[in-house]
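In case you want the letters, here they are:
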Amino acid sequence: MFSEKNKKIRFSIVFFASVILISCTQEQKKDYNVLFIISDDLTATALSSYENKACSTPNINKLASEGVMFTKAYCQYPVCGPSRASLMSGYYPHATTTFGYVSGRKNIGKERKTWSQSFKENGYYTARVSKIYHMGVPIDIETGSDGQDDPASWNEKYNSQALEWQTKGEAELVQGNPDGTIERKGGNVMTIVKADGDDLVLADGITAKKASELIRKHKNEKFFLAIGMVRPHVPFVAPKAHFAPYPYTDIILSEKVENDWDDIPKRGINYVTSVNGEMSIEQQQKAVAAYYASVSFMDEQVGKVLRTLEKEGLEDNTIVIFTSDHGFHLGEHDFWMKVSLHEESVRVPLIIKVPGKKPAVCNSFVELIDMYPTVTELAEIKHPKHIQGKSLVKILDDPNHKVRDMAFSVSQGGKSFLLRTDGWAYIQYDEDAKSGMELFDMKNDPKQYTNLAYDPKYVKIIDEFQQKLQDKLKEVRTNDLGIDYNKR
Ligand SMILES: [Ca+2]
């Protein structure tokens, strides 16, 4: 029999053990904030934390050195609208047939919760600053419009209105301007502006200021802040000082291979090229230099936001994500801009920094739709079970872990497809491949100069990819709302 004293001791031990257990369990519930920063049209090839040593991006590099940097992250559609609808909803474009310049809510439906909406409905303050869903750049920035926003995603939203291509300063149009007589032009063209004035005359400067204000204002509550930088999307506008480190005469253009286009199907020739843009070599160099200046300016604005987070003591409980909606061609194959399913246009930078997790470089395939289930899992928030992204939480603990053996992206209204595996990039135009195919050996030909799709040696590989594509399409079209897109 235990004495009364022993009983008391035993009771005390059990009591204190329970208190410790309960407080540990409480500690395990993660009240993370989320700071999601998305750049517009930023190719991984322009960042010095990735493979570019010419363009200086110290703030993004610092974040990359503190978080997990993904070297094989791919967007689901290399155009703003559908890419953003896909990443915010967690569905592939074919699951909701969202291929255009829409927020996606029209197709996504009210029943599905977007990424930020899941946080909002779990007691988080959610806000966006500038472009998260589709906004026409520059027009929606010029007018200060919401673009194709999704109001259900936010408690509050802020637009960053700026003059864009009409910003005061020295300007030059380097596309469709062979004789150089046009100084500047609006719309989706490569106008360069070496801007006069400070950062606040430009959209991303305004965005960084507002983002910092919101961090300070909401630091005592759980927040999900989505910050949209619009650079380096055209027009290439940045303060004059950002151009100084990149004299255009120093720019080494991507190698020009003779007859490069001969083995590319017509549909694979991008919509903007040095040829249809009538760009001289000098104009091409100027475009790359101005892109770097825009990236460097955007990087500096990202730095301002990250420093505010640090200053406010929120680094230890805030998940930071940095990415882009898709990549950008900087003259590879004489292609410019996006839409193309070639590597530079589809691959994106992606950095995820989670407090307490070790920095790492991860070479596994990941997709932008994976952010939604990853971040909700980290914050212990339920996400809808049908979303098509995969959680990367295991990868964040073990960068050698794999959740995907390939990346899948589509373009041209969902009628062209990319399957990107470790060894290969397979591109197919139309579901029956009638408009052509491209197959690149990514180990030996990473710049995609030699299309092997019609070489008899690779028939078996093509067959395998075509089967994989059919399987993948069937999988992603399976719609949880009872609409069978496979039958349309
Ligand atoms: Ca974009």
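Quick caveat: nothing in here was measured; it's all calculated off a predicted structure. (Residues numbered from 1 in each chain as written. Predicted model: local features only at pLDDT ≥ 70, side-chain atom pairs only at ≥ 80, totals over all residues. Heavy atoms only, no water.)

> So what's going on with the coordination of the calcium ion? Which residues, and what values?
Donor atoms from the polypeptide that bind the calcium ion are D40 (OD), D41 (OD), C80 (SG), D325 (OD), D325 (OD) and H326 (NE2), placed at 2.2 to 2.9 Å. Each of the six donor atoms bound to the calcium ion contributes to angles spanning 49 to 158 degrees, and the resulting shape is irregular. Sequence spacing of the donors to the calcium ion: D-D-x38-C-x244-D-H. Residue D40 is located in strand β1 (residues 33–40), and its partner D325 is located in the loop between β10 (318–324) and β11 (329–330); the two are separated by 285 residues in the primary sequence. (Donors = N, O, S within 2.8 Å, 3.2 Å for Na, K, Ca; no water. Tetrahedral: all angles 85-135°; square planar, octahedral: opposite > 155°, others 65-115°. Helix = DSSP H or I, 4+ residues; strand = E, 2+ residues; numbered from the N terminus.)

> Please provide a residue-by-residue account of the confidence of the model for the protein, values included.
On average, residues of the protein score 93 in pLDDT, and 92% of them are at 70 or above. pLDDT under 50 marks residues 484–488. Its contacts with residues more than four places away, or in other chains, come to 11 contacts. (pLDDT = per-residue confidence, 0-100. Contact = heavy atoms within 4.5 Å.)

> How would you explain the pattern of salt bridges if you had to name every residue and give the values?
All chains considered together, the criterion is met by 33 salt bridges. Notably, a salt bridge pairs R404 with D370, separated by 2.6 Å at the nearest N-O pair. Taken together, the positions of R404 in the loop between α12 (393–397) and β15 (407–411) and D370 in the loop between β14 (360–367) and α11 (371–378) put the pair 34 residues apart, joining distant regions of the chain. With a shortest N-O distance of 3.6 Å, D430 and K434 are connected by a salt bridge. The class for K434 is exposed, based on a relative accessible area of 64%. Several salt bridges share partner residues, and in doing so they unite K62, E66, E310, E315 and K353 into one network. (Salt bridge = Lys/Arg side-chain N within 4 Å of Asp/Glu carboxyl O. Buried < 20%, exposed > 50% of the residue type's maximum accessible area, 1.4 Å probe, protein only.)

> So what's going on with the sheet that holds strand β3 (residues 125–130)? Which residues, and what values?
Pairing between sheet strands relies on hydrogen bonds along the backbone, with the strands arranged either parallel or antiparallel. The strand order across the open sheet built from eight strands is β4-β3-β7-β1-β10-β13-β2-β14, with neighbouring strands paired in mixed fashion. Because the sheet does not close on itself, it has two edges, and the strands there are β4 (156–158) and β14. When strand polarity is set aside, the average angle formed by the axes of neighbouring strands in this sheet is 15 degrees. Bridge count for β3 against strand β7 (residues 223–232) is six bridges, and the pairing is parallel. The partner of Y125 across the bridge, within β7, is F223. With respect to the sheet, helix α9 (residues 281–311) is in contact with β1, β7 and β10, its orientation differing from that of β7 by roughly 160 degrees. (Pairing = 2+ DSSP bridges. Axes fitted to C-alpha atoms, helices over the stretch in contact; angles between N-to-C directions.)

> Break down the side chain of K286 for me, citing the residues and quoting the values.
Looking at where K286 falls in the secondary structure, it is placed in helix α9. Exposure remark for K286: the relative accessible area of 15% places this residue in the buried category.

> Before we move on, could you go through the environment of N155 and cite the residues and values that matter?
When you line up the elements, N155 lands in the loop between α7 (139–143) and β4. As a C-alpha pair, N155 and K120 span 35 residues in sequence and 7.4 Å in three-dimensional space. Contact partners of N155, with chain neighbours within four places excluded, come to K120, Y124, Y125 and T126.

> Residue-level account of the packing of aromatic side chains, with values.
Evaluation of the coordinates by the stated rule reveals 15 aromatic pairs. Aromatic pair Y77 and F99: ring centres 6.4 Å apart, planes at 40 degrees, arrangement tilted. Here Y77, found in the loop between β2 (68–74) and α3 (80–89), pairs with F99, found in the loop between α4 (93–96) and α5 (105–108); they are 22 residues apart in sequence, far enough to count as distant. The class of F99 is partly exposed, set by a relative accessible area of 22%. (Phe/Tyr/Trp six-rings, centres within 6.5 Å; stacked < 30°, edge-to-face > 60°.)

> How would you summarise α11 if you had to cite specific residues and measurements?
With respect to burial, α11 is a largely interior element, seven of its eight residues being buried. All of the buried residues along α11 are M371, Y372, P373, T374, V375, T376 and L378. Residue E380 follows α11 closely and has a positive phi angle near 55 degrees.

> Go over the sheet that holds strand β5 (residues 169–173), please, and point to the residues and values.
Sheet architecture is open: three strands sit in the order β5-β6-β8, paired in mixed fashion. Two strands close off the open sheet at either side, each with one partner strand: β5 and β8 (236–239). Averaged over neighbouring strand pairs, the angle between their axes works out to 10 degrees when direction is ignored. For strand β6 (residues 191–195) and β8, the ladder comprises four bridges, and the chain directions are parallel. Bridged to I192 within β8 is F236. Its contacts with the sheet put α9 on β5, β6 and β8, and the angle it makes with β8 is roughly 55 degrees.

> I'd love a proper account of unusual backbone geometry, names of residues and values included.
Cis rather than trans, the peptide bond between V137 and P138 has omega equal to 10 degrees. Structurally, P138 can be placed in the loop between β3 and α7. The peptide bond linking V234 to P235 adopts the cis configuration, its omega dihedral lying at -5 degrees. Backbone geometry at H333 places phi at a positive 60 degrees, although glycine is not the residue there. Along the chain, the position of H333 falls in the loop between β11 and β12 (335–337). By relative accessible area, H333 is classed as buried at 3%.

> Describe the packing of helix α8 (residues 203–217) against α9, with residues and values.
Between α8 and α9, the shortest axis-to-axis distance is 9 Å and the interhelical angle comes to 10 degrees. The pairing of α8 with α9 is recorded here as roughly parallel in orientation. Of the residues in α9, those touching α8 at D204, G205, A208, A211, S212, I215 and R216 are F297, M298, Q301, K304, V305, T308 and L309. Of the residues belonging to the contact of α8 with α9, the class tally is seven nonpolar, four polar and three charged. (Parallel < 35°, antiparallel > 145°, perpendicular 65-115°, else oblique. Nonpolar A, V, L, I, M, F, W, Y, C, P; charged D, E, K, R; others polar.)

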